[in-house]
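Coordinates in review
The chain contents come next:
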Amino acid sequence: MNARMLATRRGREYARILPGERLLLETDLPPESDPAFSLDAWEADLKTALRELEAVRGETLETVVRENSERCLL
């Protein structure tokens, strides 16, 4: 999920119905090879998406999303 997806009715509905263990965050930021790329902007974008996702679902999700992300890296 990202902030752009959560700006649409369909995206918010997906966010509501997906099981918690399937939730991940993503960004639409450019790759690091882009000179305008900023890790601060990337982090801010992820935090915004997380807060919006939490608002849609009405629950705190930081730990769940972190654990899901870590599981993907194993």
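Model, not experiment: these values are computed from the prediction. (Residues numbered from 1 in each chain as written. Predicted model: local features only at pLDDT ≥ 70, side-chain atom pairs only at ≥ 80, totals over all residues. Heavy atoms only, no water.)

Section: the overall build of the protein
Along the protein, the regular secondary structure elements total four helices and zero strands. In the protein, the succession of helices and strands from N to C terminus is α-α-α-α. A buried classification covers 24% of the 74 residues belonging to the protein. If you take every contact in the protein between residues at least 6 apart in sequence, the share linking residues at least 24 apart comes to 56%. When the accessible surface of the protein is totalled, it reaches about 5400 Å², and 52% of it is carbon and sulfur. (Helix = DSSP H or I, 4+ residues; strand = E, 2+ residues; numbered from the N terminus. Buried < 20%, exposed > 50% of the residue type's maximum accessible area, 1.4 Å probe, protein only. Contact = heavy atoms within 4.5 Å. Areas by Shrake-Rupley, 256 points an atom, 1.4 Å probe, with all protein chains shown as cover.)

Quick notes on the layout of surface pockets
To locate leftover empty space, one rolls a probe as large as a water molecule over the atoms. Each pocket or cavity is described by its volume, and for the largest pocket that value is around 280 Å³. For the largest pocket, the full set of lining residues is Leu25, Glu43, Leu46, Lys47, Leu50, Arg51, Glu62, Val65, Arg66 and Ser69. The element contributing the most residues to the lining of the largest pocket is helix 3 (residues 39-57), with five residues. (1 Å grid on protein atoms, 1.4 Å probe; cavity = no way out; pocket = protein on both sides within 12 Å on 5 of 7 lines; lining within 4 Å. Points joined across faces, edges and corners; volume = space filled by probe spheres on them.)

Here we look at the side chain of Glu54
By the secondary structure assignment, Glu54 is in helix 3. Owing to a relative accessible area of 12%, Glu54 belongs among the buried residues under this scheme. Engagement of the side chain of Glu54 in a polar contact is seen with the side chain of Arg51, the distance being 2.8 Å. Contacts of Glu54, omitting those with residues within four sequence positions, involve Glu59, Thr60, Leu61 and Glu62. (Polar contact = N/O pair within 3.5 Å; in protein donor to acceptor, adjacent residues only side chain to side chain.)

Brief notes about the environment of Gly11
Following the sequence through the fold, Gly11 ends up in helix 2 (residues 9-17). For Gly11, the residues in contact, after removing those within four places along its chain, are Met1, Met5 and Leu6.

Some thoughts on the nonpolar core
If you look at soluble globular proteins, the nonpolar side chains tend to sit buried side by side. In this structure, Met1, Leu6, Ala15, Leu23, Leu50, Leu53, Val56, Leu61 and Val65 together form the largest nonpolar core, which totals nine residues. With three residues, helix 3 is the largest single contributor of residues to this core. With sequence-adjacent residues up to four places away left out, Leu23 is seen in contact with Met1, Ala15, Leu18, Leu53, Arg57, Leu61, Val65 and Asn68. (Core = buried A, V, L, I, M, F, W, Y, C linked by side-chain atoms within 4.5 Å.)

A few points about helix 3
End to end, helix 3 covers 27 Å across 19 residues, agreeing with the expected 27 Å (1.5 Å per residue, within 8%). Along helix 3, the positions that sit buried rather than exposed are Leu46, Ala49, Leu50, Leu53, Glu54, Val56 and Arg57. Across the axial projection of helix 3, the buried residues extend over an arc of 160°, all falling on one side. Across from the buried face of helix 3, at angles greater than 90 degrees, the exposed residues are Asp40 and Ala55. Positioned one or two residues after helix 3, Gly58 has a phi angle of 70°, which is positive. (Expected span 1.5 Å × (residues − 1). Arc of directions from axis to C-beta.)

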